[in-house]
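Analysis of the macromolecular model
Listed below are the residues making up each chain.
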Amino acid sequence: MAVRECDVLIIGAGPAGLAAALYASRAKLRTVVLEKGTPGGQVRTTWSMENYPGFARGMTGPELMDRFADHAKEFGAEIVRGDVATVDFGGDHKIVTTRGGEEYRARAVIVAPGAEPRTLGLPGERELRGKGVSYCATCDADFFEDLDIVVIGNGDAAVEEAMYLTKFVNSATMIVVHDEGILDATAIIRDRAFKNAKMKWVWNSVVEEIRGDGVVESVVIKNIKTNERTELETNGVFVFVGTVPKTDFLRDHVELEKRGYVVANELMETSVDGIYCAGDARVKYLRQVITAAADGAIAAVAAEKYIHEEEGFREMVLDPKEPVMVAFWSPTSQASLDFLPRVERVAAAREGKLNLVKIDIYKNQRVAARFGIAEVPTMAFFRGGELVEKVCRPTNESELAAVADKVIGG
Amino acid sequence: MLEVNKENFEAEVLGAAGPVLVDFWSTKCDPCMALVPEVETLAAKYGDRVKFCKLNVLENRRLSIGQKVLGLPTIAMYKGGEKVAELTKDDATSANIEAMLKEHGR
């Protein structure tokens, strides 16, 4: 198995992964992006891209993603074809293997796997996929030139994709669960759709079944007010009813919420040190190209800081041969500020035999949490990379000195 | 890979003596483009037993729909003038295509 080392490994080359790659590689980190298909993620399947700032009409999803990828590569990021098989986030080196047999060892990992279209599970839906049932307008629009289609969904994506489809089809019938005139889509998109002569509307209704022998022939529509069922002949059914995150490979490795989205904080930190999440796979309010890119930038900067902190901690605390006393303090704790001069005296009296490292727990919450430092001042003693003693809130200097001598005497 | 179209589909695919694989694709289909190198690798491996063809659906829309292909990517296998197996959308992976070639490529 080929083993490759890098600083930051990014899983997924959608807008989140590519923005992270740009920021990480520009910070001079060795950056590898793993992508199982073509870079660009879901944006690849979106033709009209008119809400990414700086690009008005005329920019397409695929073109914008080509620019993202080129931009990341310009700073040295490497985009590699690969499908993740296993992950091991337990050690200092995060290990990711691919189905192609490569093994990556990274100091930090940014997961940006994105999401994929949600399916409805209707009778006929699975059987007729690629036979008239589609989740991708740009992929399949050409098949439906001058034909009639049905669109399920009424959010922004559904209505925008339906409008794109009207450039090809004879008619697009929107099946909407709401009362007449009400859509989940925003007002600007709704108003444009209502003016589109090729779009037809069926209100208060849901699709119950997709029928066809080999190819789609009709749908069964149920009016939820009257419970009346009607069969509507159609050549295609496009489904745009939201997405599901592609996070199965992360299950049991990082915390996910019940629908499978990765739980991460404002710094994109997941439940595991050194593992970050960016983009649509994360629990968040708005899933757009711009928010994915923003996540990517934050994750990359946070990962960079993490790598440097870990490197610093290793060099100062874990690697030295002589014992190290780490003084955890906080600028908000007067007691810890008052005690620091005494800590310095204890260290100075043992120069050459004991190193002193001061860590502000406010700035280094992760390190403090890892060693269970809840209160300050706490002095932790390390020898040979191991935590050997801990003194929590010592009452006086001699108490600390005694522990220091015990550690040195080892 | 042999480019097939509405003119030669009958002779090259349906009239072929042995098994034939047809890669239905289009320039607008990104998953199809991503699959190209993988299908080519398989063509190098199984090309002696199976005839590998590609069909651009943009230029052969009626023919594609006639073959009941209304979504991309679709990789189908034909034998004796009939479609015997087919993989579409997410199912059209390198591993699945290879399994299909093993089963029907004799």
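Before any of the text, the structure's been laid out above.
In this text the structure is predicted, and so the values were computed from the model without any measurement.

Here we come to the overall build of chain B. Along its length, chain B carries four helices and five strands. N-terminal to C-terminal, the α/β element order of chain B is β-α-β-α-β-α-β-β-α. On C-alpha atoms alone, chain B measures out to a radius of gyration of 12 Å, which is about the 13 Å that the 2.2 N^0.38 rule sets for 106 residues. Counting only C-alpha atoms and orienting by the principal axes, one finds that chain B spans roughly 30 × 30 × 20 Å. Sorting the 106 residues of chain B into buried and exposed places 51% on the buried side. Taking the intrachain contacts of chain B between residues at least 6 apart in sequence as the baseline, contacts between residues at least 24 apart amount to 66%. In the structure as shown, chain B presents an accessible area of about 4900 Å², 51% of it carried by carbon and sulfur atoms. Between the centroid of the 14 positive side chains of chain B and the centroid of its 16 negative side chains there is a distance of 3 Å.

Let us look at the sheet that holds strand β4 (residues 74-79) of chain B. Residues and elements named next belong to chain B. Across the sheet, which stays open at both edges, the five strands sit in the order β1-β3-β2-β4-β5 with mixed pairing between neighbours. Two strands bound the open sheet, and with one partner strand each, they are β1 (2-4) and β5 (82-88). The mean inter-strand angle of the sheet, taken between neighbouring strand axes irrespective of direction, is 30°. Pairing of strand β2 (residues 20-25) with β4 involves five bridges; the strand directions are antiparallel.

As a rule of thumb, non-glycine residues mostly have phi less than zero, and peptide bonds are mostly trans rather than cis. That bond from Val376(A) to Pro377(A) is cis: its omega, -5°, falls within 30 degrees of zero. Mapped onto the fold, Pro377(A) is located in the loop between α8 (365-370) and β20 (378-383). At the junction of Leu72(B) and Pro73(B), the peptide bond is cis and its omega measures out at -10° in the coordinates. The phi torsion at Asp252(A) lies on the positive side, around 75°, for a residue other than glycine. One non-glycine residue, Lys68(B), lies in the positive phi region at around 60°. Turning to its location among the elements, Lys68(B) is positioned in the loop between α3 (61-66) and β4.

Further remarks concern the sheet that holds strand β11 (residues 199-202) of chain A. Read from one edge to the other, the open sheet built from five strands follows the order β8-β15-β9-β10-β11 (chain A), with strand pairing classed as parallel. Lying at the two open borders of the sheet, with one neighbouring strand each, are β8 (133-134) and β11 of chain A.

Definitions and limits used
Residues numbered from 1 in each chain as written. Chains lettered and ligands numbered in written order. Predicted model: local features only at pLDDT ≥ 70, side-chain atom pairs only at ≥ 80, totals over all residues. Heavy atoms only, no water. Helix = DSSP H or I, 4+ residues; strand = E, 2+ residues; numbered from the N terminus. Rg over C-alpha atoms; globule rule 2.2 N^0.38 Å. Buried < 20%, exposed > 50% of the residue type's maximum accessible area, 1.4 Å probe, protein only. Contact = heavy atoms within 4.5 Å. Areas by Shrake-Rupley, 256 points an atom, 1.4 Å probe, with all protein chains shown as cover. Lys, Arg positive; Asp, Glu negative; His and termini not counted. Charge placed at Lys NZ, Arg CZ, Asp CG, Glu CD. Pairing = 2+ DSSP bridges. Axes fitted to C-alpha atoms, helices over the stretch in contact; angles between N-to-C directions.

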